[in-house]
Amino acid sequence: VVSYAAQRMTIQIPEDQLVARCRRGDLDAFGQVYAQYERPVFRYAYHLLGNAEDADDVKQETFLKAYRAMASFKGDSRLLTWLLVICGNLCRDQVKRRSRQREVLYDPRDVPVDTYSSSDDPDEKIEKEERSRIVMGALRGMPADQREIIVLREIEELDYAEIAKVLGCSLASVKLKLFRARRRFKERVEFMLQAGE
Amino acid sequence: MFKKIECRRVAPLLWEYVSQNLPMDEVTSVAAHVDGCDACRREVESYRQVVAQVTAYRTDDKPEPRTSWQALRGRIEQETTSARKPVAPRTALRLAWVPAAIALIVVLMVALAPGRNPKPNIQMAGAKGAMPQPSGPNLQPLPPAPIEQPNVQQANKPEERNDQEIVAPRRRRPAVVTPERQLARSNDRAPVRRKPAPEKPVEPVRPTPTQSSAVVLADGRAPASEQTKRDYVIAAAPTLQAGQTDTAYVIDTLTPSSSTPVAGLDGAMEDAP
């Protein structure tokens, strides 16, 4: 069994070779894929769901589905893009199951923030937590499709073409959606900043 | 006017302009517009604040996933093992009802299929040749039915009902107005299911000599005259079947009517045309 640290050291294998080995049922190769993309997939789920525990479940489910469906991966995009498509679908299902309600504008004072900062400096820790509260609060108050595109572009730093693949829309549509989402996000961040003062 | 159009063109580029992701030629034009437009300059300032927050947040620590690769690997291996595991005998017994249920469903579907409505068995009592000719209303032949229907035309004829046996289909037929039903309604009668009538013995047909008949004796002699013919009744006439012509009868014995009256033939000569 390859340890987690060892997996992180051996991710230099080209992606197409990893995919080919995964298709043959090589679990060690899939372990390397997991080590490489676990964090972005988890982050994406975390920002869409706003909850680390749910994000963790969705992340595991994403990789399980990906392993089962590895034969259907055509290789015309990055493996991460494909994983984010699966993860996005699972998150949408989760949100529908959980709430089945309209988007609700949260009161920023009620936004719970996971305390996960590893900083030893108390001021820095407070600053990071405040930033997290603002960004997460702003995201939570946005419609799901706008939240999704902001996370893909501004946090995961995908380019427009990759975003179009993840969301299943055209490049022009991505630009238009992103412009509207950014404007909304700006308003939400300003609101959160004013609420925190 | 032109300023507003330029503001609309520049607005989608402001975030990228602030985060320094615009191509150089775009940067120059956006910067030129922002320098001369107060509204766009204020917009840029507010974008700077947001982009700074997001950029810092991007590099901040995030919550770590708690579940590990080992947990997922165990799940995958368990799935693979359970997929290869043969079906236990007990489970196989439990699943034995599945093919039985499928077979039952197929049998029921075949039995209840609408196209398999059984044709009613209409049996005619007695021989065809012994049936009397219909003398009821003049029934025109009906057009062919759109679906396969029982032949119940005979049942609607009043004189023949007693001589027929209509065996109804086993299950209810769909409520379709068939030509037979229409005819039954027009006659204000519905097809009646009756018991078969007891078979009647065939009555021998006694020939009745007519003016055109040639009545001859058994030895070939002809009767003396028309009057002579009237004085006698036929004692032993050949039995004729329906439809047989009576152009010539060979009579064995001519007996005077006064001495040997024959039941059923009294006055037969007088009633004859």
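Refer to the structure above for everything that follows.
(A) Summary view of the overall build of chain A. Looking only at helices and strands, chain A features nine helices and zero strands. Reading the secondary structure of chain A in the N-to-C direction produces α-α-α-α-α-α-α-α-α. When the 197 residues of chain A are sorted by exposure, 49% land in the buried category. Contacts in chain A between residues far apart in sequence, at least 24 positions, make up 66% of those at least 6 positions apart. Per element, the accessible surface of chain A, about 9900 Å² overall, is 48% carbon and sulfur.

(B) Expanded view of the interface of chain A and chain B. At the interface, 47 residues of chain A touch 33 residues of chain B. Carbon and sulfur atoms supply 60% of the area that chain A and chain B bury against each other, a total of about 3800 Å² over both sides. In this structure, R182 of chain A engages E16 of chain B in a salt bridge whose closest nitrogen and oxygen atoms are separated by 2.8 Å. For the interface between chain A and chain B, the tally reads 19 residue pairs in polar contact (both at pLDDT 80 or more). Tallying contributions element by element places helix α3 (residues 27-49) of chain A first for the side of chain A that touches chain B, with eleven residues.

(C) Here's a closer look at the nonpolar core. Ranked by internal contacts, the top residues of the largest apolar core, which has 78 residues, are F30, F63, L139 and F185 of chain A. Looking at this core, the element that brings in the most residues is α3 of chain A, giving 13 residues. Ignoring anything within four residues of it in the chain, the contact list for F30 of chain A reads C22, F63, A66, Y67 and M70 of chain A together with W69, L72 and I76 of chain B.

(D) Here's a closer look at the side chain of T62 of chain A. Residue and element names in this part refer to chain A. Counting through the fold element by element, T62 comes out in helix α4 (residues 52-68). Residue classification places T62 among the buried positions, given a relative accessible area of 0%. If we skip the residues at most four places from it in the chain, T62 touches V41, L83, I86, C87 and L90.

(E) Spotlight on the packing of aromatic side chains. Following the criterion strictly, the structure yields nine aromatic pairs over all chains and no others. Aromatic side chains F30 of chain A and F63 of chain A sit 6.3 Å apart centroid to centroid with 70° between the ring planes, which places their arrangement in the edge-to-face category. Here F30 of chain A, found in helix α3, pairs with F63 of chain A, found in helix α4; they are 33 residues apart in sequence, far enough to count as distant. With respect to burial, F30 of chain A and F63 of chain A carry one shared label: buried. Note on F185 of chain A and W15 of chain B: the rings are 6.3 Å apart at their centroids and 50° apart in plane angle, and the pair reads as tilted. With F185 of chain A in helix α9 (residues 171-196) and W15 of chain B in helix α2 (residues 14-18), the pair connects residues from two separate chains. The exposure class assigned to W15 of chain B is buried, which follows from its relative accessible area of 2%. An aromatic cluster is defined as three or more aromatic residues linked by ring pairs; in this entry it consists of F30, Y34, F63 and Y67 of chain A together with W69 of chain B. For K186 of chain A, the ring lying beneath its charged end belongs to Y47 of chain B, and the centroid distance is 5.4 Å.

(F) Molecular detail of the pattern of salt bridges. Residue and element names in this part refer to chain A. Within this structure, the stated rule accounts for 26 salt bridges over all chains. Across the pair K128 and E124 runs a salt bridge, and its minimum N-O distance is 3.3 Å. In this pair, K128 and E124 are both assigned in helix α6 (residues 122-140), four residues apart and thus about one turn of the helix distant. For E124, a relative accessible area of 33% puts it in the partly exposed group.

Thresholds applied
- Residues numbered from 1 in each chain as written.
- Chains lettered and ligands numbered in written order.
- Predicted model: local features only at pLDDT ≥ 70, side-chain atom pairs only at ≥ 80, totals over all residues.
- Heavy atoms only, no water.
- Helix = DSSP H or I, 4+ residues; strand = E, 2+ residues; numbered from the N terminus.
- Buried < 20%, exposed > 50% of the residue type's maximum accessible area, 1.4 Å probe, protein only.
- Contact = heavy atoms within 4.5 Å.
- Areas by Shrake-Rupley, 256 points an atom, 1.4 Å probe, with all protein chains shown as cover.
- Buried area = accessible area lost by both parts, 1.4 Å probe.
- Salt bridge = Lys/Arg side-chain N within 4 Å of Asp/Glu carboxyl O.
- Polar contact = N/O pair within 3.5 Å; in protein donor to acceptor, adjacent residues only side chain to side chain.
- Core = buried A, V, L, I, M, F, W, Y, C linked by side-chain atoms within 4.5 Å.
- Phe/Tyr/Trp six-rings, centres within 6.5 Å; stacked < 30°, edge-to-face > 60°.
- Lys NZ or Arg CZ within 6 Å of the ring centre and 35° of its normal.

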